[in-house]
Amino acid sequence: TRALLTTVRAEQPTLNRLSADVIRGQDASPFMNLKIRRPVLHRPGDLEDHVIRCTAGENFRNNLPRADFVMFQHDGEIDPLLGNLRIGQVRCFFKVRFALPGAEQQSTGRYAAVRPMDSLPLTESQGRRGLPRVKWSSSEDLIVIRIDSMVRAASLVPVHPSMFRPVTESPSKLFQSANIF
């Protein structure tokens, strides 16, 4: 509730009079995928669909629940490689219909609850390749962002301490146990 309230107040000044109690009483509904049209890399005139999925605890195609990673715009510190972008894992997509007390008009917003990540310091070789390393944020467990701030889907590869150890876990469990990507 607090994360949504912070996001809503920043984005829509007309909703500044919303309180946490009013937010809790609003009509919200989850959805499981989002299609965004984005320019094709190296062909900015062409567009392609990015389908981002988050099944919010429900199994996806008879496998574990799916929670895709995304790159989104933020107003914080500028990263040397990512600029004003940040990476996070979508935990839930939802739509909220705001009905202000005493007002006839309703406002609808589409949001995502995201587990944010922070960039790690770059090594020289990572800077040359343009591949940042990220880890789960230690200062924020969950943030709420506007759907419009999502730029694209992100593909991450988990980094484990030793690739020479015997693998006894399934690939999905190895991915879930990673802290650095």
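To be clear, the structure that these remarks concern was listed above.
Conventions used here
- Residues numbered from 1 in each chain as written.
- Predicted model: local features only at pLDDT ≥ 70, side-chain atom pairs only at ≥ 80, totals over all residues.
- Heavy atoms only, no water.
- Salt bridge = Lys/Arg side-chain N within 4 Å of Asp/Glu carboxyl O.
- Helix = DSSP H or I, 4+ residues; strand = E, 2+ residues; numbered from the N terminus.
- Buried < 20%, exposed > 50% of the residue type's maximum accessible area, 1.4 Å probe, protein only.
- Phe/Tyr/Trp six-rings, centres within 6.5 Å; stacked < 30°, edge-to-face > 60°.
- Lys NZ or Arg CZ within 6 Å of the ring centre and 35° of its normal.
- Core = buried A, V, L, I, M, F, W, Y, C linked by side-chain atoms within 4.5 Å.

(A) Here's a closer look at the pattern of salt bridges. Applying the stated criterion across every chain, the model contains five salt bridges. A salt bridge links Asp 118 to Arg 86, with the shortest nitrogen-to-oxygen separation between them at 3.0 Å. Here Asp 118, found in strand β7 (residues 106-119), pairs with Arg 86, found in strand β6 (residues 85-99); they are 32 residues apart in sequence, far enough to count as distant. For Asp 118, a relative accessible area of 22% puts it in the partly exposed group. Here the residues in one salt-bridge network are Arg 86, Asp 118 and Glu 140, joined through shared partners.

(B) Looking closely at the packing of aromatic side chains. The full count for this structure, using the stated rule, is two aromatic pairs. Between Arg 115 and the ring centre of Trp 136, over which it is positioned, the NZ or CZ distance is 3.7 Å.

(C) Layout of the nonpolar core. In terms of nonpolar packing, the biggest core is built from 15 residues, with Val 90, Phe 93, Ala 112 and Met 150 touching the most fellow members. Sorting the residues of this core by element identifies β2 (33-40), β3 (43-60), β5 (69-73), β6, β7 and β9 (143-146) as the ones contributing at least two each. Counting residues in each nonpolar core, the second largest holds 13 residues, with Leu 82, Met 117, Trp 136 and Ala 178 among its members.

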